[in-house]
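# Structure at a glance
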Amino acid sequence: MKSTITATAKYLPKRILSNFDLEKMVDTNDEWIRTRTGIETRHLVEEGQASADMATKVAKILLERSNTSKDEIDVIIIATVTPDTMFPSTAARVQHNLDAQNCWGFDLSGACTGFVYALETGAKFVESSKYKKVMVIGVDTMSSIIDYTDRNTCILFGDGAGGVLLEPSTQNNGIVDSILGIDGAGGDALIMPGGGSIDPASNETLEKKMHYVRQDGKTVFKYAVKGMADISSKILKRNGFTGDDVKLFIPHQANKRIIDATAKRCGIPDERVLINIDKYGNTTAATIPIGMDEAVTDGIIKDGDLVLTSTFGAGFTWGSVLIRWGK
Ligand SMILES: CC(C)(COP(=O)(O)OP(=O)(O)OC[C@H]1O[C@@H](n2cnc3c(N)ncnc32)[C@H](O)[C@@H]1OP(=O)(O)O)[C@@H](O)C(=O)NCCC(=O)NCCS
């Protein structure tokens, strides 16, 4: 039995931070950011708004669009590296906000690969036949861990949430195949070093700004280009497809140059690649489900279409999922 996506949803907070705003904050400029990354604006949360708030908005839209009652939900999986608190989980907060009475749930930490890991996990739950309705939400409040005096990172990230409802397929559509990986050797290239058990919060960790994202952009870029292109072409090949068969490629949105290189390697033309990095920047676990929802609401993907997603992120982690869209 296959597991399939029966509803999609997204939420982007209203506040917008443009490249021109960033010009006033750090030594950067709109032209550099646009040409090196493809980003023009990002959405940021209001004060007091956090990951569970955004995830709850997504969860409510998923219930409404799928005509599902809150008490029918079996599992809530939240992919995030910016939980409201280390514990309780963001999933517990979302459950409480929904008042969903018959589920369990957990947070999953896979950074920019978080949603793809969560999609794989949720799909296996559904395929086990034990669970019928699994909510998978990717959400990140990156502004809570970004140093807005560091031009290497603050230009890249935004806040947002996106999610899907997974259910058993009735027409043999859904998740066709997946490739997932992890390699901790790349750990130091993209990390938030402070606040965990190795360096618990202290005056020293605060002074050293260890609660912010640190990134060796060049190294991440190099591995991301190769990693995303390798898995995307491998998953197509091993399922007997070429880039021509892909109706839409929905890649993680970290840098437009990484996306372009991956699409080129797979032979997928530009018009069949979903790009929204210009509007939202890198929303970490939320980029792919936000992209899925845009594609569905804009009528770009329809039942029967082959959809490819792939991503690369901190860890390093990576993943690609091939989907035959439809119920
Ligand atoms: C971060 C990133 C955009 C930097 O782009 P890059 O082309 O590698 O740029 P470099 O770091 O080589 O810097 C080039 C020049 O621009 C400068 N520069 C760096 N950041 C800048 C900024 N925000 N504004 C203006 N200039 C900047 C550098 O100082 C350097 O100047 P120099 O040549 O005089 O030394 C790119 O490396 C990247 O996207 N990496 C991957 C990020 C990513 O995907 N992260 C998430 C993974 S999920």
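On to the packing of helix α8 (residues 217-238) against helix α9 (residues 256-266), then. How two helices sit against one another is set out by the angle between their axes and by the gap between those axes. Taken N-terminus to C-terminus, the directions of α8 and α9 make an angle of 30°; their axes are 9 Å apart at the nearest point. The angle between α8 and α9 falls in the class roughly parallel. The interaxial crossing formed by α8 with α9 has right-handed handedness. Across the interface between the two elements, F221, A224, V225, M228, A229, D230, S232, S233 and L236 from α8 touch R257, I258, A261, T262, R265 and C266 from α9.

This next bit is on the site of the ligand. The ligand sits among 23 residues. The nearest are T28, R36, Q215, K218 and N255. G217 places a polar main-chain atom, nitrogen or oxygen, 3.0 Å from a nitrogen atom of the ligand. The contact in question runs from an oxygen atom of the ligand to an N or O atom on the side chain of R257, over 3.1 Å. For the ligand, whose unbound accessible area comes to 960 Å², protein coverage reaches 74%. The set of elements that each furnish at least two residues to the shell around the ligand consists of α2 (30-37), α6 (151-154), α8, α9 and β12 (306-313). No other element matches the four residues that α8 contributes to the shell around the ligand.

A word on the pattern of salt bridges. The full count for this structure, using the stated rule, is 16 salt bridges. Across the pair R65 and D293 runs a salt bridge whose closest N-O atoms are separated by 2.9 Å. One end of the pair, R65, is in helix α3 (residues 51-65); the other, D293, is in helix α11 (residues 287-297), with 228 residues separating them in the sequence. Judged by relative accessible area, which is 46%, R65 ranks as partly exposed. By relative accessible area, which is 1% here, D293 ends up buried. Across the pair R238 and D177 runs a salt bridge, and its minimum N-O distance is 2.7 Å. Placement of the pair is R238 in helix α8 and D177 in strand β8 (residues 174-182), with a sequence separation of 61 residues.

Criteria and cut-off values
- Residues numbered from 1 in each chain as written.
- Predicted model: local features only at pLDDT ≥ 70, side-chain atom pairs only at ≥ 80, totals over all residues.
- Heavy atoms only, no water.
- Axes fitted to C-alpha atoms, helices over the stretch in contact; angles between N-to-C directions.
- Helix = DSSP H or I, 4+ residues; strand = E, 2+ residues; numbered from the N terminus.
- Parallel < 35°, antiparallel > 145°, perpendicular 65-115°, else oblique.
- Left-handed = near helix turned anticlockwise from the far one by under 90°.
- Contact = heavy atoms within 4.5 Å.
- Near = heavy atom within 4 Å.
- Polar contact = N/O pair within 3.5 Å; in protein donor to acceptor, adjacent residues only side chain to side chain.
- Areas by Shrake-Rupley, 256 points an atom, 1.4 Å probe, with all protein chains shown as cover.
- Salt bridge = Lys/Arg side-chain N within 4 Å of Asp/Glu carboxyl O.
- Buried < 20%, exposed > 50% of the residue type's maximum accessible area, 1.4 Å probe, protein only.

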